[in-house]
Every structure is written in C-alpha cells, then in structure tokens.
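# Structural features, examined
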Amino acid sequence: MVKKSVNTDILYLILLISLFVMIFSCILYFSNDLNKFFSNKIEPNNMKGVAVFQGKLKGGYCTFIQDSPKSPVKVNGHVQNLPPGKHGFHIHTYGDIRKTDCTKCGGHWNPRNNDHGGLNDENSHAGDLGNIVVRDDGTADFNLKTSKITLYGKESIIGRSIVVHEDPDDLGKGGFPDSLTTGHAGARTDCAVIGYAS
C-alpha cells in the first residue's frame, strides 16, 4: 500500500508540473496580444486636453485633441486682453503656476533637446507653437495641427503648461542671444495648466 501511494504522489507531481508548463507556455504565446489589448484599454482613442487661463488672460482657453497615438494634435483656442500684434506661445515643461510670472513653468517642452524654432521646423522644440496674432480689439482665435506633441504616453503634454508671451517669437531666426532658446519672445504674460478635458 505504501509503494502504491508513493507512485500515486509521483504521478500527481508529474501532472502538476506538466500543467504548469502548459499554462506558462500559453502565457508566453499570448503575451503580445494581451499587452496590445490592455494598452488599448488604458489609452483610448480621441484624447482631449484643455488649458484655461485664470490670470491676465482670464476668459481665454486652449484645447488639444488627438484622435489616436499616431495622429497629429489639433490645437484650438481663444485669448483676450492682449495688445494687438504677434505674441509667442509655447508649451512649457511644468504645470507649476504657483508664481504669477509663470517662471515655475520651466523652459519650452523639449524632450529631444533641440534648438528653438518655428512650429513647422522639424528639429525645433516640441513645445514651439509659433505666434498667435491678436486683433485690434485685443482678442485672437487660433487653430493649428502639429505632430511634434502628443497626449499619449510618457511624452504626453498633459500636466504641462501653455504660456503666452508679451512679444513676438522670432522662431529662432532673430540673431539675439536667446533666439535659439526662447525665440526672444519676452516676459510671460500668462500661463495655464493642460489637463484632461471632459
């Protein structure tokens, strides 16, 4: 009886090991499909962001819409209470607006460590959005598309900030000492944190 029990235990052990090997093989085989499935659940299509100004440009806003991770981002907005003419506006690295001069927002969002340039310059900062043009009544409406920024993944602009400057952005071509870093766009008029939109 003892010998039969030992043989049965060995058989059970072999069956358990075989079952474990089969389960582990299935996990390895389907792991790529599972990763794709869960990543699709975590990052839905049509991501939306919004930034609402609360300081000098109160009443202004900027929206960001991206249909999929590989789609360009559509940027639309409205600002008011600005002097007529061009004003540089950029996405900055941090969404820290604890100071009214927006200096805690850091520099332009620049994950590729490029020089400053224009919206359509291939090797410019990701956050370089160019200029908004303000009408005589102090308002401006703008819309553009860019593939330099994203609302998905580790380089998402969600949680960063949008900053409007006092002066025009020279798009890195002005020849000033700060042209290749800030576009010589002057002081920061106002800033807003980019959050998820409903």
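Before going into details, it helps to say that this report is about the structure given with it. Since we're looking at a predicted model, the values are computed, not measured. (Residues numbered from 1 in each chain as written. Predicted model: local features only at pLDDT ≥ 70, side-chain atom pairs only at ≥ 80, totals over all residues. Heavy atoms only, no water.)

## Some words on the pattern of salt bridges
Under the counting rule described, the total for this entry stands at six salt bridges. Here Arg-135 ties to Asp-141 by a salt bridge, and the two come within 2.8 Å at their closest N and O atoms. Taking relative accessible area as the criterion, Asp-141 reaches 47% and is therefore assigned partly exposed. One network of salt bridges, with partners in common, ties together Arg-135, Asp-137 and Asp-141. (Salt bridge = Lys/Arg side-chain N within 4 Å of Asp/Glu carboxyl O. Buried < 20%, exposed > 50% of the residue type's maximum accessible area, 1.4 Å probe, protein only.)

## Looking at the sheet that holds strand E2 (residues 61-66)
Read across the open sheet, the five strands follow the order E6-E3-E2-E1-E9; overall the sheet is antiparallel. Taken across any chain shown, the strands that pair with only one partner, and hence form the sheet edges, are strand E6 (140-146) and strand E9 (195-196). Pairing between strand E1 (residues 47-52) and E2: six bridges, direction antiparallel. Within E2, the residue paired with Met-47 across the bridge is Gln-66. (Pairing = 2+ DSSP bridges. Helix = DSSP H or I, 4+ residues; strand = E, 2+ residues; numbered from the N terminus.)

## Some words on the sheet that holds strand E8 (residues 188-193)
Reading across from one edge, E5-E4-E7-E8 is the order of the four strands in this open sheet, with antiparallel pairing throughout. For this open sheet the edge positions go to strand E5 (128-134) and E8, each flanked by a neighbour on one side alone. Averaged over all pairs of adjacent strands, the angle between their axes in this sheet comes to 25 degrees, without regard to strand direction. Two strands pair when backbone bridges link them, and strand E4 (residues 85-92) and E5 are joined in this way by five bridges, in the antiparallel orientation. Note on E5: the bridge partner recorded for Gly-85 is Val-134. (Axes fitted to C-alpha atoms, helices over the stretch in contact; angles between N-to-C directions.)

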